[in-house]
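Here's the letter readout for the chains.
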Amino acid sequence: MDFLTTDLCDANEDKVRVVEPMFSSFGGRAAFFGRIATLKLFEDNSLVRATLTTPGEGRVLVIDGGGSLRRALVGDQLAEIAVKNGWAGILVYGCIRDSRAIGEMDIGVFAIDTHPMKTVKRNVGEAEIPVSFGGVSFLPGEWLYADEDGVVVSSSPLHDTSHL
């Protein structure tokens, strides 16, 4: 990766919003960035699958799962779909499962924790709306940067994106 969140914060203190520390890295890619796509749902990952089957174009899917620790919103099958469709990463305000397999994949995945239970499928939730957790609002189209030091959000890119 061509960024460090610490450097981005130092150089852009007035332009970044830093998410409260609560996430662990589970993906094979320890650092990732991209434009934000959002989902708001609770213990139902139907929209996660539907979204990840679309072209990712280097975006980051931010999932507001209400912080639930009772079901996993992303597993290895969905992470595999995300890799195949060009998503840079997934940030889950909730749990994932199949963490060992996801750790082998070329995608960034941050989540609160792991849980072995799959979700229910009711096709309930909202897409491409502002979501808020960790003291930050995430707006579709903004930029998210994540690495071992944390997650930062900005309304504009904080590095050279001409190669994208």
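A.B. asks: Let's hear about the side chain of Thr119: which residues, and what values?
C.D. replies: You can see Thr119 is positioned in the loop between strand E7 (108–114) and strand E8 (126–127). Side chain to side chain, Thr119 and Asn45 meet in a polar contact 2.8 Å long. Looking at Thr119, its side chain comes within polar contact range of the side chain of Lys121, at 3.2 Å. Those residues within four positions of Thr119 in sequence are excluded, and the remaining contacts are Glu43, Asp44, Asn45, Arg71, Ala72 and Leu73.

A.B. asks: Give a detailed account of the packing of aromatic side chains, specifying residues and quantitative values.
C.D. replies: On inspection of all chains with the given rule, the structure shows seven aromatic pairs. Ring centres of Phe32 and Phe110 lie 5.2 Å apart, and the angle between their planes is 90°; this geometry places the pair in the edge-to-face category. On the criterion of sequence distance, the pair formed by Phe32 in strand E3 (residues 32–40) and Phe110 in strand E7 is long-range, its members being 78 residues apart. No difference in accessibility class separates Phe32 from Phe110, as the two residues are buried.

Scoring rules and cut-offs
- Residues numbered from 1 in each chain as written.
- Predicted model: local features only at pLDDT ≥ 70, side-chain atom pairs only at ≥ 80, totals over all residues.
- Heavy atoms only, no water.
- Helix = DSSP H or I, 4+ residues; strand = E, 2+ residues; numbered from the N terminus.
- Polar contact = N/O pair within 3.5 Å; in protein donor to acceptor, adjacent residues only side chain to side chain.
- Contact = heavy atoms within 4.5 Å.
- Phe/Tyr/Trp six-rings, centres within 6.5 Å; stacked < 30°, edge-to-face > 60°.
- Buried < 20%, exposed > 50% of the residue type's maximum accessible area, 1.4 Å probe, protein only.

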